[in-house]
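Observations on the model geometry
One-letter residues, chain by chain:
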Amino acid sequence: MSWTRQQSTVCSLLVLSLAASLPVFAQQAPPQATTPANTPQNAAQPAQQLPTDTIRPNYVLGTNDQVLIRAPEAEEIDNRPFRIDADGNVNLPLVGKIHAAGMSVQEMEADLVKRLREYIREPQVFVQVVQYRSEPVFFVGLFVRPGFYPLQGNRTLIEMLALVGGLLPNADRHIKITRRQEYGPIPLPDAVVDSQKKVSTVEISMGNLRQNLSPAENILLQPFDEISVGRSELVYVNGEVGKIGGIELGERDSISVLQALTQAGGFSKDANRGKIRILRPILGTNQRAEIDVDVSDLFKGEGIDEPLLPGDLVYVPRSFVRQFWTTFLADAIPLLPYILINLR
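Calculation criteria
- Residues numbered from 1 in each chain as written.
- Predicted model: local features only at pLDDT ≥ 70, side-chain atom pairs only at ≥ 80, totals over all residues.
- Heavy atoms only, no water.
- Pairing = 2+ DSSP bridges.
- Helix = DSSP H or I, 4+ residues; strand = E, 2+ residues; numbered from the N terminus.
- Axes fitted to C-alpha atoms, helices over the stretch in contact; angles between N-to-C directions.
- Phe/Tyr/Trp six-rings, centres within 6.5 Å; stacked < 30°, edge-to-face > 60°.
- Buried < 20%, exposed > 50% of the residue type's maximum accessible area, 1.4 Å probe, protein only.
- Polar contact = N/O pair within 3.5 Å; in protein donor to acceptor, adjacent residues only side chain to side chain.
- Contact = heavy atoms within 4.5 Å.

**What to know about the sheet that holds strand 6 (residues 136–141)**
Judged by pairing direction, the sheet is mixed, and its six strands sit side by side in the order 7-6-11-8-10-9 without closing on themselves. Single-partner strands in this sheet number two, and they are strand 7 (147–150) and strand 9 (192–194). Within this sheet the neighbouring strands show an average axis-to-axis angle of 20 degrees, counted without direction. Summarising the sheet, strand 6 and strand 7 pair through four bridges and their orientation is antiparallel. Paired with Phe-138 across the bridge in strand 7 is Phe-148.

**Focus: the packing of aromatic side chains**
Under the definition given, this model contains five aromatic pairs. Residues Phe-139 and Phe-143 carry aromatic rings whose centres are separated by 5.3 Å and whose planes lie at 85 degrees to one another, so their mutual orientation is edge-to-face. The two residues Phe-139 and Phe-143 agree in class, both being buried. With centroids separated by 6.0 Å and ring planes inclined at 85 degrees, the aromatic side chains of Phe-139 and Tyr-149 adopt a geometry described as edge-to-face.

**Considering the side chain of Arg-173**
Checked against the element boundaries, Arg-173 lands in the loop between helix 3 (157–163) and strand 8 (174–180). Under the relative-accessibility criterion, Arg-173 is labelled buried at 18%. At 2.5 Å, the side chain of Arg-173 and the backbone oxygen of Ala-171 are in polar contact.

**Quick word on the sheet that holds strand 1 (residues 66–70)**
Here three strands make up an open sheet; going across it, the order is 2-1-5 and the pairing antiparallel. Pairing within the sheet leaves two strands with one partner each, and these edge strands are strand 2 (80–83) and strand 5 (126–131). Ignoring which end each strand starts from, the neighbouring axes of this sheet average 35 degrees apart. Of the pairings in the sheet, the one linking strand 1 to strand 5 comprises five bridges and is antiparallel in character. Across the sheet, residue Gln-66 finds its bridge partner in strand 5, namely Gln-131. Set on the sheet, helix 2 (residues 105–116) makes contact with strand 1 and strand 5; between it and strand 5 the angle comes to about 135 degrees.

Here's what the structure looks like:
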């Protein structure tokens with residue numbers, strides 16, 4: 001009887017233990033559904049899905065600029081405009097006061113990310129300039145300090161070029177100005193109006209501008225004018241010359257064959273010093289026209305020194321006769337003593 005009661009007690013304890021553990025198993029979620037407590041339920045948008053900035057990141061902010069901040073994880077400042085006050089500061093909820101004047105857009109974004117990391121693990125911030133203290137002009141390409149500059153008052157092209165530091169040494173000496181249609185066409189006779197793109201464009205020679213040969217080209221810039229400059233045009237020299245490579249035309253429209261050969265270090269010892277070949281690009285195709293030039297006549301002061309145009313390739317071929325005798329003599333001279341001994 002005591003043994004049966006003991007068995008019954010043990011069974012009762014096992015039943016109670018299983019019953020107590022059932023709620024625990026019922027409450028456990030599947031491993032794949034487990035969400036860490038510190039993971040936000042709504043993941044932030046990827047950075048590339050944020051809207052494209054209308055002003056590029058190196059625009060320098062100043063007083064009275066108004067910025068729109070996108071920070072999906074920070075509702076206090078997300079999608080709200082803020083103006084930079086007269087002291088250059090902007091007061092933001094959650095992060096406090098920032099001295100934004102003098103910062104680039106990119107620097108302000110980095111500063112906000114750093115401040116928001118105190119509250120958010122991986123904050124994403126996008127700053128867009130929506131209103132400017134004064135409308136900007138854009139300097140794009142090989143300027144010393146390219147970027148976006150506020151157009152305060154009437155500023156001429158020369159004044160703004162001085163502000164950006166002028167051109168880099170390898171820059172083309174022709175700059176291009178593009179103006180929006182709403183500000184009227186560029187007031188120069190060579191300006192081209194594109195009605196489809198709603199812009200007017202013109203190319204201006206830096207040489208003429210500096211020497212004041214055409215004062216009218218020192219135009220007053222208008223808001224959102226784009227001043228761009230590319231790399232200087234090149235003429236290429238290849239083959240049997242001292243230095244293979246490109247020669248920058250700079251402010252010149254062309255260069256002569258003799259000038260190009262001189263800048264390339266002259267002929268090599270195996271060069272054909274008679275005829276050379278110019279390979280000139282054919283507009284609108286991938287082909288080149290061949291032009292043969294008798295250089296020996298040019299060195300005598302005879303013939304026509306063909307002007308080389310941007311993209312021309314000057315090829316100096318090898319003289320196989322000269323190469324043969326050079327190789328022969330190089331091999332024969334060391335053998336000459338042995339030949340003389342055998343002749344005795």
